[in-house]
Amino acid sequence: MPLKKIKWEELIVDDRLIPYVETTQQIKETQSFIGRRRAIKALLFGLDMEKDGYNVFVVGLPGTGRKTFIKHFVGEYAQKKPVPSDIAYVMDFEDPQKAKAIFLPPGKGIDFKKDMEKLVENLSDKISKLFEGEDYKIRRKEIDDELEEEQERMTKDLVEKAQALGFLIKFTSTGVSYYPMKDGKVLKEEEFTLLSEDERKRFEENEKKVQLIIDAAIENVRKLEGVYKERVKDLNRYALLFATEEFFSVIEKKYPYSDVKEYVHKIKEDIIDKVSSTKKLAELEYYFKRAYSVNLIVDNSGSNCAPVVYEDTPTYHNLFGKIEYIEREGMLYTDFNMIRPGTLHKANGGFLIIDASELLVHPFVWDRLKKVLFAKQLSVENVDTAYGYSTIASLETDPIPLKVKVILVGTPEIYELLYAYDPEFEKLFKVKVELDWELDTTVENVSDLVAFITDYTREKHTLPVKRDAIEKIVWYSTRLSGDRTKLSMKLGALIDLIEEANFFASKRNSKVIGSEDIKRALIEREERLKLVVEKYDEMFKKEDLMIDVSGKVVGQVNGLTVVNFGDFDFGLPVRITAKTYLGSSGILDIQREADLSGQIHSKAVMILTGYLGSKYARRVPFSIGVSISFEQVYGYVEGDSASLAEVLAIVSALSRIPLKQCIAVTGSINQHGHVQPVGGVTEKVEGFYRICKLKGLTGEQGVLIPKANVRNLVLNDEITEAIKNGLFHIWTVDEVDEAIELMTDKRAGIMNKNYEYPRGTVNYYVVQALKNSHDLAEGKIKSRKKQKDNKK
C-alpha cells in the first residue's frame, strides 16, 4: 500500500500570503476588528435592539481579545448616541430620611452644584446682614413690644380678676400659683382653718373661678405667642424673600427645569422655617451647607456621547453604589451627601461591560443585577439593608429610571452554566455574540492580521516589523491554532511576542523588528519554561526512562504523549508493549485493570478489540490472551491517540514480527481500521525528535501520524531543517495496514473472499497464531476427555 512521506515544503508558511512590504511602516490601512464579522453583526443587533431583555453576552475564549474588541467597538458605537442627563441627590425637605433625585441636562449638573455652593455662601452672609440691619431690628422690636404690652395687659387683667375673688397671683418658673387673701394679706394654712364655714366655702367656690381664669389666660397667652410667631415668621418670610430673591431668581433663570424649580421652592420654605427656629447663626450656616448642597452622582460634563463603562471589579457596592456612615458619639449618622454612585449609575443611558466570571464571584451581585434590570430602575441600598441583614435605620433614595445595555463577557462554559441553571438568564440576555478563536489562513485574513500588528506597533510606539518577522508571527499564529490552515485569534499571545521581540531588537540597537528577534523571543520564552523538559531528557539519557530509537523489537512500539504544565506543553515518547499467552482469551489492558486509565482510553481499547476480532477472527475465534501496557507510566492515561500504536504492538506480538523502534506512532482508529486524527501532533513530533537527537540521529528516525493531521503540523525551524536534510521523517497513513507495512517492512496482506490472507504477509502470520492457539486449546480439551474416559 502507498505511504506518503511529508516534504519539508509542506510544513512552512506560504510567503505568498504575506503582503509584499519591507516593514509595517509601508502599511497605511489598519484593521482593529480582525476576523469579527459574525460577532459584529450579532453585536450590532444587540446594541440596536432597544426592547427589554436584549442585553448581550459575549462568548469567547480567554486571550482572544474579547474585552479589547468589545470596548473599542462599543466605544465607537456610543459616539452616535446622545449624552444622558446628569443626576444628583438632594435633601427631601418633607422627609429628611429620604433623598430626592433631580435630573439636569448633561453638563449642567456640575454648574448647578457650584452655583448652589455660592448661593449658600451668599445666603449666610445676606441673612447675617439682614438680621443685624436697623430696619429689621425696628420692625422686630415693634412686634416684640406689642407682644410684651399684650402679655402685660393680660397679666394685669388676670391679677385684678383674681384679687376681686380674694386670691393673690404669683408667677414662677414652673407656672402660675395663687393664694387666698384677707384684708390684703395671704392667709396661712392655720389661719385658713380658723375661718368660718361660710368664708371657707366662699374661698373654695372662688378658687374654682380663679383656676378657670388662669386656664383661659394661659390659653390666650399661647394664642398670643402663636400669633407672635406667625408675625415673626411673616416678617422673616418677606425679609428673606426680599433679601434672597436675587439669588434664587438667578438659579431659576439659569436652570429652568421642573426638578430645579420644585427644589428651589422647597429651599425657600425651609429657609424661613429654619431661620425662625434657629437662634445661633453658626448653626444656621452649618445647616445650610449640609442641607442645600448638591450630591452630583452622575456628571457628564466631559462627555460628548453615551457612556461606555467597563467594571473590572463588579462588587455589590461598585455596581449599585452605597450609603456611607460617619460615627458621632457612638451613633451612626448619614444623609444624602453620603450617597456614593455605582457604575450602573455612571453607565445609565449607555453601556456597561462586565466580566461574567468576576460578576459571579461576588455574593449577591448577580441576583441584584437581575432585579435591577427587571425593575428598570435603580435605588442606592447597602447590601445588608437590601437583603435584611441589618436593623440600622438607613436613608431611602429615590429610584432612578434605568436605561442601560449590559454586556457580559465570558467563556462558553459560563454561558452554558447560566443558561442551564438560571431560567431568568435567557430573559435578560437574549443576544449571544460568539467570538471565533481562529480564522482561515487566507490572503485577506493574513492582511488583516498584519494590519492589526501595524496598528498595535503604532499605538504602542514599538519598532516597525520587517516582512520576515511578519512571516514568523504568522507562523506562530498558526502554531497557536494548531492548524496551518488557521490563524489563531489569541491576539494577546501575539502582542506578547511582539513586545518581547521589540525588547530584543531595541537591545541590539535595531530600528526594526526582524525574524531573528521573533526567534530569540520564542527561544528565550521556551528556555524560561522548559526546566521540566530538561529533567525528563536527563532521565531518558541515563535510561531511567527506557526508549529505543533504533533496531527492531517484537511486541514493542514507541507511542507518543503530550504533557501539559499549564503554560507549557511538550511531547514525550512512551514504550507500549504487548504480550500474548494461552488462557483466557481477549485483550487485557493493564492500565484499565490498575484503574490508571480514563473512559475514553477504555473505549479505545474496546474499539481495537472489535477491529482485531473482525479482521482476524472471521474463521477462528480469538482464543488467545493479550496484555498491553504503557511501560513506566504511573499516572493517569486518557485519550485514544495510542490506539494505532497498541494495535501495532498486538499484531507484532501475535505474528512474532518485530517493529521498528526508530519510528514513533500516534493516531486513533475506528472498528474499520481507518486511522483518525488526534491532538497535539506538533508537540508529539517535536518530543520524539528531541529524544532521537539526544540519543543520536541516524537518518532513519521519524514519526507516523494520521493523514488527517498533516495540516496540524506547525514545527519549529530545527525540525523542518532536519526533514529537509533527510535526518528526520514524517509519514502519514489512512489505514492500519499501511502502518503495519511501514513498521515491519513486510506486506500487510489483503483478505480474500474466503477470509484468508496471502501466505507470508503479516496478517497471515497473525491468523496462523490464532489458529495455533485455538488448536492447542482444542487439543487440551480432547486430551482431558480421553483421560476421563479411560478412568471410567
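Refer to the structure printed above.
Quick look at the structure, then. Quick caveat: nothing in here was measured; it's all calculated off a predicted structure.

All right, on to the overall build of the protein chain then. A tally of regular secondary structure across the protein chain gives 27 helices and 32 strands. For 792 residues, the compact-globule estimate of 2.2 N^0.38 gives 28 Å, and the protein chain exceeds it by more than 25% at 47 Å. Projected onto its principal axes, the C-alpha coordinates of the protein chain cover approximately 160 × 90 × 50 Å. Counting over 792 residues, the protein chain shows a buried share of 46%. Within the protein chain, residue pairs in contact and separated by at least 24 positions form 77% of the contacts whose partners lie at least 6 positions apart. A total accessible area of about 41,100 Å² is found for the protein chain, and carbon and sulfur atoms account for 50% of it. Computing the positive centroid from 118 side-chain charges and the negative centroid from 126, the protein chain places the two 8 Å apart.

Let us now look at the sheet that holds strand β24 (residues 569-581). Reading across the sheet, the eight strands line up as β1-β32-β31-β28-β23-β24-β26-β25 and stay open at both edges, with mixed pairing between neighbours. Each edge of the open sheet is held by one strand with a lone partner, namely β1 (4-5) and β25 (586-589). Each of β23 (556-564), β28 (663-665), β31 (702-706) and β32 (729-733) is contacted by helix α26 (residues 736-744), which is oriented at about 145 degrees to β32, the strand it contacts most.

Once that is clear, we can look at unusual backbone geometry. Within the chain, F364 stands out as a residue other than glycine whose phi angle is a positive 70 degrees. Mapped onto the fold, F364 is located in the loop between α11 (356-361) and α12 (365-375). Taking relative accessible area as the criterion, F364 reaches 33% and is therefore assigned partly exposed. In this model, R656 sits at a positive phi of 65 degrees, which is unusual for a non-glycine residue. Along the chain, the position of R656 falls in the loop between α23 (643-655) and β27 (659-660). Overall, the relative accessible area of 56% leaves R656 in the exposed class.

On the surface, a cluster of nonpolar side chains totalling about 220 Å² of accessible area is made up of Y581, L588 and I590. Along the chain, L588 turns up in strand β25.

To continue, consider helix α25 (residues 717-724). Here α25 has its buried residues at I719, T720, A722 and I723. In an axial view of α25, the angular spread of the buried residues amounts to 160 degrees, which keeps them on one side of the axis. On its buried face, α25 sits against α24 (681-695) and β32. By the N-cap criterion, in which a side-chain oxygen at the helix start approaches the backbone nitrogen of a residue two or three places on, α25 is capped by N716, the distance to E718 being 3.2 Å. One or two steps after α25, the chain reaches G726, where phi turns positive at roughly 75 degrees.

Moving on, we come to the environment of L435. Along the chain, the position of L435 falls in the loop between β19 (431-434) and β20 (438-440). Using a relative accessible area of 6% as the deciding quantity, one classes L435 as buried. Aside from chain neighbours lying at most four places away, what touches L435 is R36, A39, V58, V59, G60, R66 and F69.

Turning next to the sheet that holds strand β3 (residues 86-91). Two orientations exist for strands paired in a sheet by backbone hydrogen bonds: parallel and antiparallel. Here four strands make up an open sheet; going across it, the order is β8-β3-β4-β16 and the pairing mixed. Here the strands that pair on one side only, and so sit at the sheet edges, are β8 (295-298) and β16 (396-397).

Parameters and conventions
- Residues numbered from 1 in each chain as written.
- Predicted model: local features only at pLDDT ≥ 70, side-chain atom pairs only at ≥ 80, totals over all residues.
- Heavy atoms only, no water.
- Helix = DSSP H or I, 4+ residues; strand = E, 2+ residues; numbered from the N terminus.
- Rg over C-alpha atoms; globule rule 2.2 N^0.38 Å.
- Buried < 20%, exposed > 50% of the residue type's maximum accessible area, 1.4 Å probe, protein only.
- Contact = heavy atoms within 4.5 Å.
- Areas by Shrake-Rupley, 256 points an atom, 1.4 Å probe, with all protein chains shown as cover.
- Lys, Arg positive; Asp, Glu negative; His and termini not counted.
- Charge placed at Lys NZ, Arg CZ, Asp CG, Glu CD.
- Pairing = 2+ DSSP bridges.
- Axes fitted to C-alpha atoms, helices over the stretch in contact; angles between N-to-C directions.
- Patch = residues over 30% accessible without salt bridge, like charges linked within 9 Å, V, L, I, M, F, W, Y side chains within 5 Å.
- Salt bridge = Lys/Arg side-chain N within 4 Å of Asp/Glu carboxyl O.
- Arc of directions from axis to C-beta.
- Polar contact = N/O pair within 3.5 Å; in protein donor to acceptor, adjacent residues only side chain to side chain.

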